[in-house]
Amino acid sequence: MRFKILLFFLVVVVPAIMDATPRRPIDVPFQKNYVPTWAADHIKYIDGGNQATLSLDKWTGTGFQSKGTYLFGHFSMQIKMVPGDSAGTVTAFYLSSQNSEHDEIDFEFLGNRFFVDDIPIRVFKNSKDLGVRYPFNQPMKIYSSLWNADDWATRGGLEKTDWNKAPFVAAYKGFHIDGCEASVAHSQCPTLGRRWWDQKEFDDLDGLQWRRLKWVRLKYTIYNYCSDRVRYPNMSRVL
């Protein structure tokens, strides 16, 4: 099972001057933008790092993170999920801040139950005017990992990881990053209209993307915490 993650995380909109469109995803080696986070011996590099695989066995999973931290941008990666019966495993792709006030944008693909195909599956609107907190100012690193979560992952933990099928392997390629890197000197974040992320067209999904997102919600959404008024009676509706 293969899918491509195209994650846009945008904040500012001002008049256009230059660089009005994001660069198309470029297949660059793993080492250009990422480093191992833990269990580096469970990451294998293929074709000079143009592809990488993460391996999960009974003792450990593994993961990696971006070298830089970003306020917003376009992050693309192609991931081939663990094949076959992978119940109990989690392949995660997420952005996370390291400050005491934690921000995180997290996609977790559970076992053999989920897929994505260049279709928007999740939108978190900026509703700061309603008092809903939004990750504006804290730079985040990009992470991915493969790990065991059979206490909760597949069907609420009913399906356990079958270690006779280990190692479980997820494959990656296309480690593209085009964003506002806050972790370097002379950051391009305050560009005042000169970069693609400042343009109006990237302030929201277009009509086709919204229709596809609605289709995903109607067909595949099992649970949405924003609609759970029993557990969260005072939550503002932001989606």
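Residues numbered from 1 in each chain as written. Predicted model: local features only at pLDDT ≥ 70, side-chain atom pairs only at ≥ 80, totals over all residues. Heavy atoms only, no water.

As annotated in an unreviewed UniProt entry, the chain carries the name Xyloglucan endotransglucosylase/hydrolase and is attributed to Taxus chinensis. The record in UniProt for the chain states the following under Function (unreviewed entry): "Catalyzes xyloglucan endohydrolysis (XEH) and/or endotransglycosylation (XET). Cleaves and religates xyloglucan polymers, an essential constituent of the primary cell wall, and thereby participates in cell wall construction of growing tissues." (UniProt positions renumbered as here; feature names shortened; annotations may be inferred.)

Engineer: Quick question: what am I supposed to make of the packing of aromatic side chains here?
Structural biologist: Aromatic ring pairs are defined here through the distance separating the ring centres and the angle between the ring planes. Enumeration over the complete set of coordinates arrives at 11 aromatic pairs. Where Tyr94 meets Tyr143, the ring centres are 5.1 Å apart and the plane angle is 10°; that geometry is what we call stacked. Of this pair, Tyr94 sits in strand 7 (residues 89–96) while Tyr143 is found in strand 9 (residues 141–148), placing the two residues 49 residues apart along the sequence. Note on accessibility: Tyr94 and Tyr143 belong to one class, buried. Judged by centre distance (6.0 Å) and plane angle (65°), the ring pair of Trp163 and Phe168 falls under edge-to-face. Overall, Trp163 belongs to the partly exposed group, its relative accessible area being 23%. Phe168 gets classed as buried once you look at its relative accessible area, which sits at 3%. Through a chain of ring-to-ring contacts, the aromatic side chains of Phe30, Tyr34, Tyr45, Phe64, Tyr172 and Phe175 assemble into a single cluster. (Phe/Tyr/Trp six-rings, centres within 6.5 Å; stacked < 30°, edge-to-face > 60°. Helix = DSSP H or I, 4+ residues; strand = E, 2+ residues; numbered from the N terminus. Buried < 20%, exposed > 50% of the residue type's maximum accessible area, 1.4 Å probe, protein only.)

Engineer: Hey, could you run me through unusual backbone geometry in this one?
Structural biologist: Trans is the prevailing form of peptide bonds, just as negative phi is the prevailing case for residues other than glycine. The peptide bond linking Ala166 to Pro167 adopts the cis configuration, its omega dihedral lying at 0°. Inspection of the secondary structure puts Pro167 in the loop between strand 9 and strand 10 (168–181). In this structure, Ala39 is a non-glycine residue whose phi angle is positive, near 50°. When you line up the elements, Ala39 lands in the loop between strand 2 (34–38) and strand 3 (43–46). Judged by relative accessible area, Ala39 falls into the partly exposed class, the value being 22%. In this structure, Asp47 is a non-glycine residue whose phi angle is positive, near 55°.

Engineer: Explain the UniProt feature "active site" (unreviewed entry) in the chain to me, please; I cannot follow it from the model alone.
Structural biologist: In the UniProt entry, the feature "active site" (unreviewed entry) is given for Glu104 and Glu108. Along the chain, Glu104 turns up in strand 8 (residues 104–110). Residues contacting Glu104, with those up to four places away along its chain left out, are Tyr94, Leu95, Ser96 and Met140. Among the polar contacts made by the side chain of Glu104, one reaches the side chain of Ser96 at a distance of 3.5 Å. With respect to the element layout, Glu108 can be found in strand 8. Filtering out sequence-adjacent residues up to four positions away, Glu108 remains in contact with Val90, Thr91, Ala92, Trp147 and Trp152. (Contact = heavy atoms within 4.5 Å. Polar contact = N/O pair within 3.5 Å; in protein donor to acceptor, adjacent residues only side chain to side chain.)

Engineer: How should I be thinking about the environment of Gln209 in this particular structure?
Structural biologist: Structurally, the position occupied by Gln209 is in helix 2 (residues 207–220). Using a relative accessible area of 30% as the deciding quantity, one classes Gln209 as partly exposed. As for Gln209 and Ile121, which are separated by 88 residues in sequence, their C-alpha atoms are 9.5 Å apart.

Engineer: Help me out: how do you make sense of the nonpolar core in this one?
Structural biologist: One broad trend across soluble globular proteins is that nonpolar side chains are buried collectively. Formed by 26 residues in total, the largest nonpolar core has its most connected members in Tyr34, Phe64, Met77, Ile142, Tyr172 and Phe175. When contributions to this core are tallied by element, the ones reaching two or more residues are strand 4 (51–56), strand 6 (70–80), strand 7, strand 8, strand 9 and strand 10. Ignoring anything within four residues of it in the chain, the contact list for Ile142 reads Tyr34, Phe64, Gln65, Ser66, Tyr70, Phe75, Phe93, Tyr94, Leu95 and Ile177. If you look at the next biggest cluster of nonpolar residues, it comprises 6 residues, including Phe72, Cys180, Trp196 and Phe202. (Core = buried A, V, L, I, M, F, W, Y, C linked by side-chain atoms within 4.5 Å.)

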